[in-house]
Amino acid sequence: MKKEKLYLIPTRLGDNPPLEVLPISIKKVIEDIDYYIVENEKTARRFIKRISPGKSQSKLKLNVLNKYTTEGERNTFLNPCLEGKSIGLLSEAGCPAIADPGSDIVNLAHQMNIKVVPLVGPSSILLALMASGMNGQSFAFNGYLPIDKNERKTKLKALERLSFEQNQSQIFIETPYRNMKMLEDLTKVLHPQTRVCVACDLTLPSEFIKTLPAKDWKNNKEDLHKRPAIFIIQKD
């Protein structure tokens, strides 16, 4: 039997109407697929219903991939592909497998010789970089920085040095309720002229994107608390 495909299906970055930020091709794929790998069943079902209101929820077969998923469970998630049924991999926000546990499933698909099909959709990382004015030819995504104050300071200085030595944009994220503390640390640790971009609520009506020298962020009046944000630094 012919193996079917693993579709990487992007989702919204916030609660805006799906087809404002997602191409119609995603709707077509979702209408054809009943098997999904998701982070949260409730939000995944809600998203699928928003995209395709007429799709039967009772026919959906969802496997949950999160920190509690065992390796044994994960290794069975792609079995429907071996039986001729395509599977959709859904992220909670943005693109699957980018800062997302779905990368393990994609790796497994390659090992099983299953065709992987990435679909177009919003990535907060790339959207922030596009709008930052920083180097889009050479950049690195560093995920979350250390929580410990001294370790974070050391890491920020290392990223700043790397950005200068390699002319490379350094991208990272923070837990939304610590955004303001992160911004404060950036103004204290970085060289005053190092550029800092903050991009939050991307694709939403409340979207905020600004790039300033680190010293100028001391006068920031924007409230970033509990708003999903991307931080980018570059020392020229």
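Right above here is the structure, for reference.
Residues numbered from 1 in each chain as written. Predicted model: local features only at pLDDT ≥ 70, side-chain atom pairs only at ≥ 80, totals over all residues. Heavy atoms only, no water.

### Concerning the pairing of strand β2 (residues 35–38)
Summarising the sheet, β2 and strand β3 (residues 61–64) pair through 4 bridges and their orientation is parallel. By the bridge assignment for β3, Val38 is matched with Val64. Here β2 pairs with strand β4 (residues 87–90) via 3 bridges, running parallel. Its bridge partner lying in β4, Ile37 is registered against Leu89. (Pairing = 2+ DSSP bridges. Helix = DSSP H or I, 4+ residues; strand = E, 2+ residues; numbered from the N terminus.)

### Digging into the layout of surface pockets
In this structure, the largest pocket occupies an estimated 610 Å³ of space. Taken together, 27 residues form the lining of the largest pocket, with Ala93, Ser124, Ile173, Pro228 and Ile230 sitting closest to its centre. Breaking the lining of the largest pocket down by element, the ones donating at least two residues are α7 (124–132), β6 (139–144) and β10 (229–234). Tallied by class, the residues present in the lining of the largest pocket amount to 17 nonpolar, 5 polar and 5 charged. Within this model, the second largest pocket holds a volume of roughly 290 Å³. (1 Å grid on protein atoms, 1.4 Å probe; cavity = no way out; pocket = protein on both sides within 12 Å on 5 of 7 lines; lining within 4 Å. Points joined across faces, edges and corners; volume = space filled by probe spheres on them. Nonpolar A, V, L, I, M, F, W, Y, C, P; charged D, E, K, R; others polar.)

### A word on the pattern of salt bridges
Pairing between side chains becomes possible if they bear opposite charge and their charged atoms approach one another. Enumeration according to the criterion identifies 16 salt bridges in this entry. As a salt-bridge pair, Lys181 and Asp185 come within 3.4 Å of each other at their nearest N and O atoms. Taken as a pair, Lys181 and Asp185 lie in helix α9 (residues 179–189) at a separation of 4 residues, close to a single helical turn. Its relative accessible area of 10% is what places Asp185 among the buried residues. (Salt bridge = Lys/Arg side-chain N within 4 Å of Asp/Glu carboxyl O. Buried < 20%, exposed > 50% of the residue type's maximum accessible area, 1.4 Å probe, protein only.)

### What to know about the sheet that holds β2
What the 5 strands build is an open sheet, ordered β3-β2-β4-β1-β5; its pairing is parallel. At either end of the open sheet lies a strand with only one pairing partner, and these are β3 and β5 (116–118). Between one strand axis and the next, the sheet turns through 25° on average, direction left out of account. Where strand β1 (residues 6–9) meets β4, 4 bridges bridge the pair, whose relative direction is parallel. Bridge pairing in β4 links Leu8 to Leu89. Along the sheet, helix α6 (residues 103–111) makes contact with β1, β2, β4 and β5, crossing β1 at roughly 155°. (Axes fitted to C-alpha atoms, helices over the stretch in contact; angles between N-to-C directions. Contact = heavy atoms within 4.5 Å.)

### Some thoughts on the sheet that holds strand β7 (residues 169–173)
Within the open sheet, the 5 strands sit side by side as β6-β7-β10-β8-β9. Their pairing is mixed. Edge positions in the sheet fall to β6 and β9 (208–213), since each has one partner strand and no second. Each strand of the sheet is rotated relative to its neighbour by a mean of 20°, with strand direction disregarded. In terms of strand pairing, strand β8 (residues 195–200) meets β10 through 6 bridges, oriented antiparallel.

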